[in-house]
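What follows is each chain in one-letter form.
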Amino acid sequence: MLATFEQLGDDEAVAPRQKRANVSPALQAFGRRFKRLREAAGLSQERAGTRANAGKGVTGQYISQVEAGKTRCTREFAETMDRELNAGGELVELWDDLVTDAAFPVWFDWPPVEAEATHLDAFEVTVLPGLLQTPAYASTVLYGDKEAVAARIKRQSILTREQPPSPSMAVLLDENVLYRDVGGPEVLRDQLEYLVSRIGPRLTVQIVPATAHLGTLGSFTIATLEDRTEVAYVETSARGLTMSDPDDLAAISRSLMDVRSIALPLNMSIDLIQRTAEERWS
């Protein structure tokens, strides 16, 4: 059974809520292995910092923060230390496996849920779903954070994987998302054209007219798992919340039904997206 409650934690569904860690378990795992490799090489934290420095101001304190999982190092740092510690590529592999996903906030435990879903229902009020964003669009939304963008794009692989079968996805998109300037005309045009290109048997996108409905309270996604269990992710101004309580799911399902009842048919939605790309963002 999946634990519940993105990006960018998981225990709410099967146990009482516990105080959330303020560091990423993935960063802690990377830090522990890095510390072992450093100690095996006979280097102090200060000496390791000097080896990694190369004029970039790496201190022993920074090494301590990395080893404690309190900061996310760059891939360049991992490559440098891999060479200095004669780790044979192990540290770089660990960075790719652990630190990339740690670009998500510690509280964001939605990716493991969506990765195990057989179907996703999403309603978005402000921006396109992360699973369907182009790198340029995502970069604008994430204020140019390259590692966060890479982590978001990596999440999208669940929609193209062969095994286990990728989840189907039905997206309801508030009409105003089409008109919101995210990155300028070129970024928006490319994004909307990409969105249309992805529509097919496993992905539908319907536009919801900009009018009053229950969905205006906020964006949400409902994941249906293999055993038909449902888990929801709801966005708030402070953070995202992953929910599995039956009453919460019932309320979110009512919102989904209300929004879906006024959404444009698929063919009309595609036409509107294409016209918006051509007429507004060209």
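The notes below deal with the structure included here. Everything numeric here is computed off the predicted structure, so don't read it as measured data.

Taking 1.5 Å per residue as the helical rise, helix H10 (residues 185-198) with its 14 residues ought to reach 20 Å, and the 20 Å between its terminal C-alpha atoms agrees with that figure. Its buried side turned inward, H10 meets helix H7 (135-141), strand E2 (168-174), helix H9 (176-179), strand E3 (203-208) and helix H12 (266-279).

Moving on to the pattern of salt bridges. Scanning the model with the defined rule gives eight salt bridges in all. Between Glu90 and Arg33 there is a salt bridge, with its nearest N and O atoms 2.5 Å apart. Here Glu90, found in helix H5 (residues 90-99), pairs with Arg33, found in helix H1 (residues 25-40); they are 57 residues apart in sequence, far enough to count as distant. Exposure remark for Arg33: the relative accessible area of 28% places this residue in the partly exposed category. In this structure, Glu114 engages Arg155 in a salt bridge whose closest nitrogen and oxygen atoms are separated by 2.7 Å. Here Glu114 is found in helix H6 (residues 110-115), whereas its partner Arg155 is found in helix H8 (residues 146-155), with 41 residues between them in sequence. The same class applies to Glu114 as to Arg155, namely buried.

Right, let's get into unusual backbone geometry. For the bond running from Gln163 to Pro164, omega is -10°, close enough to zero to count as cis. Within the chain, Tyr143 stands out as a residue other than glycine whose phi angle is a positive 55°. Along the chain, Tyr143 falls in the loop between H7 and H8. Even without being glycine, Arg228 reaches a positive phi, approximately 75°. Structurally, Arg228 can be placed in the loop between strand E4 (220-225) and strand E5 (230-235).

About the criteria used
- Residues numbered from 1 in each chain as written.
- Predicted model: local features only at pLDDT ≥ 70, side-chain atom pairs only at ≥ 80, totals over all residues.
- Heavy atoms only, no water.
- Helix = DSSP H or I, 4+ residues; strand = E, 2+ residues; numbered from the N terminus.
- Expected span 1.5 Å × (residues − 1).
- Contact = heavy atoms within 4.5 Å.
- Salt bridge = Lys/Arg side-chain N within 4 Å of Asp/Glu carboxyl O.
- Buried < 20%, exposed > 50% of the residue type's maximum accessible area, 1.4 Å probe, protein only.

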